[in-house]
Amino acid sequence: MPAFISITIYLNDRSMLVASIPDAETALQEPWPFMDKPSRLRAIRMIEECLAGHCTQQAAFEAFKAAASEQGLLKRKPPSVGLRKFDWVAEDLL
């Protein structure tokens, strides 16, 4: 089990679930909006270091997440209908 919660990134008009370091490595091989951004290159290096056993999965995943965030690849889905109803109930209680 990974030491982090999986995330969904959006590349080339499709979603990609990143649930492990190998998933992050695969995602980094895809065309990104800005291939030469330092944060993406750092994420590639950190993933390689992690796979070689020289850094933690958490550190490599955080580098990946930072690169994806900087390039606008992390987008939150709107809350489900059930969560919106729960929000309305919570607002009424306040």
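Caption draft 1: Spatial organisation of the side chain of glutamine 71. Relative to the helices and strands, glutamine 71 resides in the loop between helix H3 (57–70) and helix H4 (81–93). When sequence neighbours within four positions are dropped, the list of residues in contact with glutamine 71 reads Trp32, Pro33, Phe34, Lys37 and Arg40.

Caption draft 2: Quick peek at the packing of aromatic side chains. The full count for this structure, using the stated rule, is 2 aromatic pairs. Grouping aromatic residues by their ring pairs yields a cluster made of Trp32, Phe61 and Phe64. Just above the ring of phenylalanine 34 sits the side chain of lysine 37; from NZ or CZ to the centre is 5.5 Å.

Caption draft 3: Spatial organisation of the pattern of salt bridges. Following the criterion strictly, the structure yields 3 salt bridges and no others. The closest approach of N and O atoms between glutamate 30 and arginine 14, which form a salt bridge, is 3.4 Å. Separated by 16 residues along the polypeptide, glutamate 30 in the loop between helix H1 (21–29) and helix H2 (38–51) and arginine 14 in strand S2 (residues 14–18) bring together distant segments of the chain. What makes arginine 14 partly exposed here is its relative accessible area of 41%. Notably, a salt bridge pairs lysine 37 with glutamate 70, separated by 3.5 Å at the nearest N-O pair.

Thresholds applied
- Residues numbered from 1 in each chain as written.
- Predicted model: local features only at pLDDT ≥ 70, side-chain atom pairs only at ≥ 80, totals over all residues.
- Heavy atoms only, no water.
- Helix = DSSP H or I, 4+ residues; strand = E, 2+ residues; numbered from the N terminus.
- Contact = heavy atoms within 4.5 Å.
- Phe/Tyr/Trp six-rings, centres within 6.5 Å; stacked < 30°, edge-to-face > 60°.
- Lys NZ or Arg CZ within 6 Å of the ring centre and 35° of its normal.
- Salt bridge = Lys/Arg side-chain N within 4 Å of Asp/Glu carboxyl O.
- Buried < 20%, exposed > 50% of the residue type's maximum accessible area, 1.4 Å probe, protein only.

Worth remembering: the numbers are spatial, not functional.
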